[in-house]
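Residue-level listing of the chains:
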Amino acid sequence: MSKQNVIVILLGPPGAGKGTQAKRMQERHGIIQLSTGEMLRAEVAAGSQIGEQAKGIDVGKLVSDNVIVEMIAKELSAQDNTSKVILDGFPRTLPQAKALGELLDRGVFSLRHVIEFKIHEETLIRRIVGRYSCSVCNQGYHDEFEKPVIQGVCDNCGNRKFLRRLDDREGTIRLRLSEYYELTAPIIEYYNNKGLVSSIDAMLDLDVVTKDLEAVIIH
Ligand code: AMP
């Protein structure tokens, strides 16, 4: 099979806006968002075997590499051979990055870009603590930065019930951030050595970040 399938990795701490931007790329450019966090939350909600192994996500603990790698390998093999995929939340450890490298060696996918979202820690906490989403369509909102047009009603589907992630509490965010700096940030160096990393300023306005991201990944 030719290497028409393209992968882009979004790297950055929780709250940097990776999920929001990946969703925009999916809506605007048909690039498929594969979010390991969303997959795991769905597995926990469904009470599946993977969900059992992923219960620690509510307190900010990373799920074991082998569970994650198996899950993402399955998702990638389900794509057709012209897919463009954004990986949001994977890889998150060096062993995961190496396992992805082995999947890429099979020749079906080609890794084009690794985008590092740069952002200050105080901004992250403010962004995470205020965020919530529609319980039906998953549309994301924020207490300060992105309110629904009619208060209490989802712009997208009209639903009136919203959810806040359990791991978005301030104490848990600190643990998630320390896991990021210790286990995930070293991956940037790993991909830097391969000449694949572009950095974008994730402190900027959402629309500006979208444009900056498009400038790198849309050709
Ligand atoms: P996210 O939605 O990307 O913030 O992920 C939410 C939570 O899911 C993380 O805090 C981890 O507990 C877990 N998780 C998501 N992706 C991974 C991964 N690649 N490796 C390990 N745990 C993950």
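The structure this text deals with has already been given above.
1. A few points about the overall build of the protein chain
So, step 1. Counting its secondary structure elements, the protein chain contains nine helices and eight strands.
So, step 2. For 219 residues, the compact-globule estimate of 2.2 N^0.38 gives 17 Å, and the C-alpha radius of gyration of the protein chain, at 17 Å, lies within 12% of that figure.
So, step 3. Taking the principal axes of its C-alpha atoms as reference, the protein chain extends roughly 50 × 40 × 30 Å.
So, step 4. For the protein chain, buried positions account for 45% of its 219 residues.
So, step 5. Restricting the contact set of the protein chain to residue pairs at least 6 apart, pairs at least 24 apart contribute 73%.
So, step 6. Accessible surface computed for the protein chain: about 11,500 Å², of which carbon and sulfur atoms make up 49%.

2. As for the nonpolar core
So, step 1. Grouped together as the largest cluster of nonpolar side chains are 32 residues, with contacts concentrated most on Ile7, Ile9, Leu76, Leu87, Leu100, Leu111 and Tyr191.
So, step 2. Every element with two or more residues in this core is listed here: strand S1 (5–11), helix H2 (36–46), helix H4 (65–77), strand S3 (84–88), helix H5 (94–105), strand S4 (109–118) and helix H8 (186–192).
So, step 3. Ranked by residue count, the leading element in this core is H4, at six residues.
So, step 4. If sequence neighbours within four positions are ignored, Ile9 has contacts with Leu87, Phe90, Pro91, Leu100, Leu111, His113, Val114, Ile115 and Tyr191.

3. Section: the sheet that holds strand S2 (residues 32–35)
So, step 1. Read from one edge to the other, the open sheet built from five strands follows the order S2-S3-S1-S4-S8, with strand pairing classed as parallel. For this open sheet the edge positions go to S2 and strand S8 (197–201), each flanked by a neighbour on one side alone. Strand-to-strand twist across the sheet, computed as the mean angle between neighbouring axes with direction ignored, equals 25°.
So, step 2. Where S2 and S3 come together, four bridges link them in parallel fashion. Across the sheet, Ile32 pairs through a bridge with Val85, a residue of S3.
So, step 3. Each of S2 and S3 is contacted by H2, which is oriented at about 60° to S2, the strand it contacts most.

4. Thoughts on the environment of Gln96
So, step 1. Mapping Gln96 onto the fold places it in helix H5.
So, step 2. Separated by 30 residues in the primary sequence, Gln96 and Arg126 have C-alpha atoms spaced 29 Å apart.
So, step 3. Leave out the neighbours within four places in its chain, and Gln96 touches Val63, Asp65, Ile68, Val69, Phe90 and Pro91.

5. Some thoughts on the site of the ligand
So, step 1. Around the ligand lies a shell of 16 residues, among which Thr36, Arg41, Lys61, Gly89 and Gln96 are the nearest.
So, step 2. Taking Thr36, its side chain carries an N or O atom lying 2.8 Å from a nitrogen atom of the ligand.
So, step 3. Within the complex, the protein chains bury 96% of what would otherwise be the 480 Å² of accessible surface of the ligand.
So, step 4. When residues in the shell around the ligand are grouped by element, the largest group, four residues, is from H2.
So, step 5. Residues of the shell around the ligand, tallied by class, amount to six nonpolar, four polar and six charged.

6. Some thoughts on the pairing of S4
So, step 1. Among the 10 residues that make up S4, eight are buried, leaving the element largely enclosed by the rest of the structure.
So, step 2. Note that S1 and S4 share seven bridges and pair parallel. Bridging from a neighbouring strand, Ile9 pairs with Val114 of S4.
So, step 3. Two elements, S4 and S8, share five bridges in a ladder whose sense is parallel. Residue pairing across strands places Ile115 opposite Ser198, the latter belonging to S8.

The rules we used
- Residues numbered from 1 in each chain as written.
- Predicted model: local features only at pLDDT ≥ 70, side-chain atom pairs only at ≥ 80, totals over all residues.
- Heavy atoms only, no water.
- Helix = DSSP H or I, 4+ residues; strand = E, 2+ residues; numbered from the N terminus.
- Rg over C-alpha atoms; globule rule 2.2 N^0.38 Å.
- Buried < 20%, exposed > 50% of the residue type's maximum accessible area, 1.4 Å probe, protein only.
- Contact = heavy atoms within 4.5 Å.
- Areas by Shrake-Rupley, 256 points an atom, 1.4 Å probe, with all protein chains shown as cover.
- Core = buried A, V, L, I, M, F, W, Y, C linked by side-chain atoms within 4.5 Å.
- Pairing = 2+ DSSP bridges.
- Axes fitted to C-alpha atoms, helices over the stretch in contact; angles between N-to-C directions.
- Near = heavy atom within 4 Å.
- Polar contact = N/O pair within 3.5 Å; in protein donor to acceptor, adjacent residues only side chain to side chain.
- Nonpolar A, V, L, I, M, F, W, Y, C, P; charged D, E, K, R; others polar.

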